[in-house]
Amino acid sequence: MRILIADDSSMMRALIKRVVRLTNVPVEEILEARDGVEALSLLSSNDVQLLFTDINMPGMNGTELLRRLANDDRWRRLTRVVISTDGSTARREEVAELSVRCYLKKPFSPEVLRDVLTDAAEAARL
Amino acid sequence: MSLPMPPKPLDFEAADKLIVAAVGTVAERSFFSFVDPNSDPVLDDDKEWLVATLRFDDGRISGRLACSVRSDLAQMLFDSFSGRHPSGPLPPSHELDDLIGEFSNMVCGTWLSRCAGDRLFQLSRPVVEHQTRPAADERHRHWVEVNHRPLIIDWEVERGPDKGVRRSSQ
């Protein structure tokens, strides 16, 4: 499985990578993007099964990224997980219609991320 | 067809009470650190401070939040988050800045989700500066201790027709 992490914080990307590598989920490659534009570019040139995306990013934010993915049939099999500091009801409702499998609120414990990853990996394999 | 409900006015007093709890949630959950909310101001040392400032805006209300973190605490938070051993090589400055920016981002996001969860705020990317003193005193200031080291949270609403419920003392 190939994973893409879109987050403008390099430390957060590193943490997510570290947790992913600590799980038993077989991962072929972990790609990183600093914003939605980079994420779209990497998705176009790589066969990615699972996307973790932040919401607040400079340039193209996570909501716009998810909107573009939802409007393009190429990504219908991509499993999408939001990892964001924004846990508001308003934000959750905004992305609810954008094929998001899970919304994980920062801060999170590594165990929660592991469980989300395991679930998302199952979905990505189906 | 019914129109969506407008967001409730921001209750400044309630928001002010929630900010320290937000720091506690972030520090404990992602940085394995403990917060003492009843800290006295401590400025009598020559340590550097990292001041992370970010703006929030939902189109009607805008403001800013600043986290001032003393450098020894910044290092401690970095180690907790990254797994770096304290005796290992020091992290580059840009990684420390990124981490303190992310800390402030999490505090602001957690806080706004709790005090104004029906609003869609955009948060700016945190700007981190190294200073000899914490941020200049803002309208709302809280001193706390994280792992027995000082951290200061300042927040202020700067603009918006929807100024919400004001504190009775103002």
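Residue numbering note: each chain is counted from 1, following its sequence as written. Here the convention is simple: chains get letters from A, ligands get numbers from 1, in the order in which they are written. For this predicted model, a pLDDT threshold of at least 70 governs which residues receive local features, and a threshold of 80 or more governs which side-chain atom pairs are given and counted, while totals over whole chains, interfaces and linings are taken from all residues. With hydrogens and water set aside, each side-chain value is computed from the structure's full complement of heavy atoms.

Colleague: I'm lost on the nonpolar core in this one. Help?
Modeller: In globular proteins that are soluble, nonpolar side chains generally tend to be buried together. Take the buried Ala, Val, Leu, Ile, Met, Phe, Trp, Tyr and Cys residues and link them wherever side-chain atoms come within 4.5 Å; each set so joined is a nonpolar core. Only protein chains enter the accessibility calculation, which uses a 1.4 Å probe. A residue is then buried if its area is under 20% of the maximum for its type, exposed if over 50%, and partly exposed in between. Ranked by size, the top nonpolar core spans 67 residues in total, and within it Phe52 of chain A together with Leu65 and Trp111 of chain B carry the most contacts. Secondary structure elements follow DSSP: runs of H or I no shorter than four residues count as helices, runs of E no shorter than two count as strands, and numbering proceeds from the N terminus. No other element matches the ten residues that helix H3 (residues 93–115) of chain B contributes to this core. The contact criterion used throughout is that any non-hydrogen atoms of two residues lie within 4.5 Å. Not counting the four nearest positions on each side in its chain, Trp111 of chain B is found in contact with Ala15, Leu18, Ile19, Ala22, Phe56, Leu65 and Trp155 of chain B. Counting residues in each nonpolar core, the second largest holds 15 residues, with Leu4, Ala6, Leu40 and Leu78 of chain A among its members.

Colleague: What should I look at first to understand the sheet that holds strand S3 (residues 50–53) of chain A in this one?
Modeller: The strands making up a sheet are joined through hydrogen bonds of the backbone, oriented either antiparallel or parallel. All names here are of chain A. A pair of strands is treated as paired once DSSP finds two or more bridges between them. Reading across the sheet, the five strands line up as S2-S1-S3-S4-S5 and stay open at both edges, with parallel pairing between neighbours. Taken across any chain shown, the strands that pair with only one partner, and hence form the sheet edges, are strand S2 (29–33) and strand S5 (100–105). The mean angle between the axes of side-by-side strands here comes to 20 degrees, regardless of whether they run parallel or antiparallel. Sheet strands touched by helix H3 (residues 62–70): S3, strand S4 (79–84) and S5. Its angle to S3, the strand with the most contacts, is close to 150 degrees. Axis definition: a line fitted to C-alpha atoms, limited for helices to the stretch in contact. Angles are taken between N-to-C directions and run from 0 to 180 degrees.

Colleague: Help me out: how do you make sense of the interface of chain A and chain B in this one?
Modeller: Interface size is commonly expressed as the accessible surface area that is lost when the partners come together. Tallying the contact residues gives 24 residues for chain A and 26 residues for chain B. Taken together, both faces of the contact between chain A and chain B bury some 2,000 Å²; the carbon and sulfur share is 53%. It is Met11, Thr85 and Pro107 of chain A in chain A that bury the most area against chain B; as a group they hold 32% of the surface buried on that side. Throughout this description, the term salt bridge denotes a Lys or Arg side-chain nitrogen within 4 Å of a carboxyl oxygen of Asp or Glu. On inspection of chain A and its partner chain B, the count reaches two salt bridges. Identification of polar contacts relies on pairs of N or O atoms within 3.5 Å, with a donor-acceptor requirement for protein atoms, meaning one able to donate a hydrogen and the other able to accept it, and with residues adjacent in sequence counted only if both atoms are side-chain atoms. Where chain A meets chain B, there are 14 residue pairs in polar contact (both at pLDDT 80 or more). When residues of the side of chain A that touches chain B are assigned to their parent elements, the largest contribution, five residues, is made by helix H1 (residues 10–22) of chain A. Classification convention: Asp, Glu, Lys, Arg as charged; Ala, Val, Leu, Ile, Met, Phe, Trp, Tyr, Cys, Pro as nonpolar; all other residues, Gly among them, as polar. Along the lines of polarity and charge, the residues of the side of chain A that touches chain B split into eight nonpolar, nine polar and seven charged. What gets called buried area is simply the loss in accessible area from a 1.4 Å probe that two parts show on being joined, summed for both.

Colleague: Before we go on, may I ask you to explain the environment of Gln49 of chain A in this structure?
Modeller: By the element assignment, Gln49 of chain A lies in the loop between helix H2 (36–45) and S3. C-alpha of Gln49 of chain A to C-alpha of Phe108 of chain A: the two residues are 59 residues apart in sequence and 23 Å apart in space.

Colleague: Would you take a moment to explain the pairing of strand S1 (residues 2–6) of chain A for this structure?
Modeller: The side chains of a regular strand alternate, first on one face of the sheet and then on the other. Residues and elements named next belong to chain A. With five of five residues buried, S1 lies mostly within the body of the structure. Along S1, one buried face is formed by Arg2, Leu4 and Ala6 and the opposite face, lined by Ile3 and Ile5, is buried too. As for the winding sense of the linkage, the β-α-β connection from S1 through H1 to S2 is right-handed. Pairing analysis gives four bridges linking S1 to S3, with the strands arranged parallel. Among the inter-strand pairings, Ala6 is bridged to a residue of S3, identified as Thr53. Orienting the strands away from the viewer, one traces the path from the first strand over the helix to the second; a clockwise path indicates a right-handed crossover.

Colleague: Any chance you could explain unusual backbone geometry here in plain terms?
Modeller: Only a minority of non-glycine residues have a phi that is not negative, and only a minority of peptide bonds are not trans. In this structure, the amide linkage connecting Lys106 of chain A to the following residue, Pro107 of chain A, adopts the cis form with an omega of 0 degrees. With respect to the secondary-structure elements, Pro107 of chain A resides in the loop between S5 and helix H5 (110–125). Positioned with a positive phi, Phe32 of chain B is a non-glycine residue whose angle comes to about 50 degrees. Within the fold, Phe32 of chain B resides in the loop between helix H1 (12–31) and strand S1 (35–36). Positive phi, normally seen in glycine, also occurs at His148 of chain B, with a value near 65 degrees.

Colleague: What is the right way to read H2 of chain A from this model?
Modeller: Every α-helix carries 3.6 residues per turn, so stepping three or four residues along brings you back to the same face. All names here are of chain A. Residues of H2 that are buried include every one of Gly36, Ala39, Leu40 and Leu43, and no others. End-on, the buried residues of H2 take up no more than an arc of 100 degrees, which puts them together on one face. Exposed and facing more than 90 degrees away from the buried side of H2 are Val37 and Ser45. Of the surrounding elements, those touching the buried residues of H2 are S1, S2 and H3. Put simply, Asp35 is the residue that caps the front of H2, since its side-chain oxygen is 3.1 Å from the backbone nitrogen of Val37. Within this analysis, the arc is defined by the directions that extend from the helix axis to the C-beta atoms.

Colleague: In this structure, what is going on with the state of the cysteines? I would like to understand it.
Modeller: By definition, a disulfide links the sulfur atoms of two cysteines through a covalent bond. All names here are of chain B. Note on terminology: pairs of cysteine sulfur atoms within 2.5 Å are recorded as disulfides. For the structure shown, the criterion picks out zero disulfides over all chains. Between Cys108, a free cysteine, and Cys67, which holds the nearest cysteine sulfur, the sulfur-to-sulfur gap is 8.4 Å. Taking relative accessible area as the criterion, Cys108 reaches 0% and is therefore assigned buried.

These values are about where atoms sit, not about what they do.
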